[in-house]
Amino acid sequence: MSALNLSNVTLDYPDGDGTVTALDSVSLSVDAGEFVSLVGPSGSGKSSLLAVAATLVTPTSGLVVIDGTDAHSLSAKELTTLRRDKVGIIFQQPNLLASLTAAEQLIIGDHLRGKSLRAAAGRAAELLDVVGLADCAGKRPHQLSGGQRQRVNIARALMGSPKVLLVDEPTAALDHERSESIVRLLRQVTDEFQVATVMVTHDTEFVPLTDGVATMRDGVLTAAVPTSPLVPA
Ligand code: ADP
Ligand code: MG
């Protein structure tokens with residue numbers, strides 16, 4: 001069973017008198033521990049695909065199945081719970097809260113999920129260590145570099161032990177070296193935590209670090225994802 005399964009997903013947005021089709025019968029299946037790159041020109045529907053996979057947007061038609069559950073068969077409340085428990089989302093801009101330390105950024109979400117502060121603090125320390133920020137737990141966003149802030153963002157997305165990790169252009173604001181280390185980190189956490197990861201990326205250079213590449217064009221997913229890992233160039 002795939003952790004993430006999109007089946008014939010179509011998404012129309014209203015556009016003047018008509019509609020714009022952001023996703024045109026897209027099907028995509030990602031297994032636990034699989035890391036897929038999503039490339040394609042601006043406006044081709046990449047972010048729309050992530051929004052639908054995150055269950056933040058309901059498609060016009062088609063199925064979104066997360067860890068075996070048909071997302072849009074659920075009540076709004078059940079869907080919120082599914083998203084909170086199964087989906088981690090990482091956007092280009094880390095969106096950290098300016099007044100909180102790195103550890104606190106991680107802890108509050110888990111505490112809102114109903115975990116004890118002590119358990120959340122333990123998990124936060126563990127994850128900050130995984131992303132290479134064990135020494136930065138007490139630092140606030142302005143004391144961290146761009147790459148470090150993105151690492152906090154990644155650790156935060158992993159706090160709820162998601163099955164699916166959705167990442168939109170995580171390296172767009174970073175230089176080459178930091179970009180590579182962020183993609184390597186995503187590879188590492190995909191393997192270590194067996195999440196199904198989809199990463200939108202504008203540069204194809206880091207694609208060999210992932211298991212496959214899917215290309216969007218005008219809302220159509222034009223290439224199937226290879227099932228076997230790509231051989232690094
Ligand atoms: P990408 O991430 O590949 O740049 P998007 O998914 O953001 O592409 O956009 C795909 C298409 O859907 C574009 O034509 C865009 O203008 C349109 N679109 C995206 N979001 C919305 C929205 N909230 N309302 C209306 N149209 C949208
Ligand atoms: Mg986009």
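If you're wondering where the values come from, they're calculated on a predicted model, not measured in any experiment.

Q: What is the right way to look at the site of ligand 1 in this model?
A: Around ligand 1, the surrounding shell consists of Y13, V20, A22, P41, S42, G43, S44, G45, K46, S47 and S48. The contact in question runs from an oxygen atom of ligand 1 to an N or O atom on the backbone of S44, over 3.2 Å. Here S47 contributes a backbone N or O atom positioned 2.9 Å from an oxygen atom of ligand 1. Look at ligand 1: alone it shows 560 Å² of surface, and the protein chains cover 59% of it. If you list the elements that add at least two residues to the shell around ligand 1, you get strand 2 (18–30) and helix 1 (46–53). Looking at which element gives the most residues to the shell around ligand 1, the answer is helix 1, with 3 residues. Of the residues contributing to the shell around ligand 1, the split by class is 4 nonpolar, 6 polar and 1 charged.

Q: Would you explain the nonpolar core in this entry?
A: Within soluble globular proteins, side chains that are nonpolar generally end up buried alongside one another. Ranked by size, the top nonpolar core spans 34 residues in total, and within it I90, L106, L128, V152, I154, L165 and L186 carry the most contacts. Contributing elements (two or more residues each) for this core: helix 3 (102–112), helix 4 (117–130), helix 5 (146–158), strand 7 (164–168) and helix 6 (176–193). Setting aside residues up to four positions removed in sequence, L128 forms contacts with A102, A103, L106, L133, A134, A137 and A155. Residues L23, V64, A71 and V200 belong to the second largest nonpolar core, which totals 31 residues.

Q: Teacher, can you tell me more about the pairing of strand 4 (residues 61–66) here?
A: As a general feature of sheets, a regular strand has side chains that alternate between the two faces. Bridge count for strand 1 (residues 4–15) against strand 4 is 5 bridges, and the pairing is antiparallel. In the strand pairing of strand 4, T10 is matched with S61. Taken together, the 2 bridges between strand 4 and strand 5 (residues 69–70) define a ladder with antiparallel strand orientation. If you follow V65 over to strand 5, its bridge partner there is D70. Hairpin geometry of strand 4 and strand 5 is characterised by an intervening segment of 2 residues between the two adjacent antiparallel strands and by a positive phi of about 50° at D67.

Q: How do you make sense of the pairing of strand 7 when you look at a structure like this?
A: Where burial is concerned, most of strand 7 is hidden: 5 out of the 5 residues are buried. A two-sided burial pattern is seen for strand 7, the buried positions comprising V164, L166 and D168 on one face and L165 and V167 on the other. Summarising the sheet, strand 6 (residues 87–90) and strand 7 pair through 4 bridges and their orientation is parallel. Following the sheet pairing, I90 is matched in strand 7 by V167. Handedness of the β-α-β unit built from strand 7, helix 6 and strand 8 (residues 196–200) comes out right-handed.

Q: I keep staring at the sheet that holds strand 8 and nothing clicks. Help me out?
A: The strands that make up a sheet pair up through hydrogen bonds in the backbone, lying either parallel or antiparallel. One open sheet holds the 6 strands; their spatial order is 6-7-8-3-9-10, and the pairing between them is mixed. Two strands lie at the open edges of the sheet, namely strand 6 and strand 10 (220–221), each paired on one side alone. Of the pairings in the sheet, the one linking strand 3 (residues 35–39) to strand 9 (residues 212–217) comprises 4 bridges and is parallel in character. Paired with S37 across the bridge in strand 9 is V213. Seen against the sheet, helix 6 touches strand 3, strand 6, strand 7 and strand 8 and runs at an angle of roughly 140° to strand 3.

Calculation notes
- Position labels on residues start from 1 in each chain and follow its written sequence.
- Here the convention is simple: chains get letters from A, ligands get numbers from 1, in the order in which they are written.
- Given that this is a predicted model, residues contribute local features only at a pLDDT of at least 70 and side-chain atom pairs are listed and counted only at 80 or more, while totals for whole chains, interfaces and linings are drawn from all residues.
- Working from all heavy atoms in the structure, the side-chain values ignore hydrogens and water.
- The nearness test applies per residue and asks whether one of its heavy atoms lies within 4 Å of the molecule or strand.
- Whenever two N or O atoms come within 3.5 Å, that pair is a polar contact, provided that in protein one can donate a hydrogen and the other can accept it, and provided that, for residues adjacent in sequence, both atoms are side-chain atoms.
- Only the protein chains shown count as cover for residues, and the accessible areas themselves come from Shrake-Rupley with a 1.4 Å probe.
- Only runs of H or I of at least four residues qualify as helices and only runs of E of at least two qualify as strands under DSSP, and these elements are numbered from the N terminus.
- The nonpolar class holds Ala, Val, Leu, Ile, Met, Phe, Trp, Tyr, Cys and Pro. Asp, Glu, Lys and Arg form the charged class, and all remaining residues, Gly among them, are polar.
- In plain words, nonpolar cores are sets of buried Ala, Val, Leu, Ile, Met, Phe, Trp, Tyr and Cys residues tied together by side-chain atoms within 4.5 Å.
- Between buried and exposed lies partly exposed: a residue is buried under 20% and exposed over 50% of the maximum accessible area for its type, with that area taken using a 1.4 Å probe on protein chains only.
- Contacts between residues were defined by any pair of non-hydrogen atoms, one from each residue, lying within 4.5 Å.
- In short, DSSP must find at least two bridges between two strands for them to pair.
- Here is how to tell: hold the view so the strands point away, follow the path from the first strand over the helix to the second, and if it runs clockwise the crossover is right-handed.
- Axis geometry follows a simple rule: fit a line to the C-alpha atoms, using only the stretch in contact for helices, then measure angles between N-to-C directions, giving values from 0 to 180 degrees.

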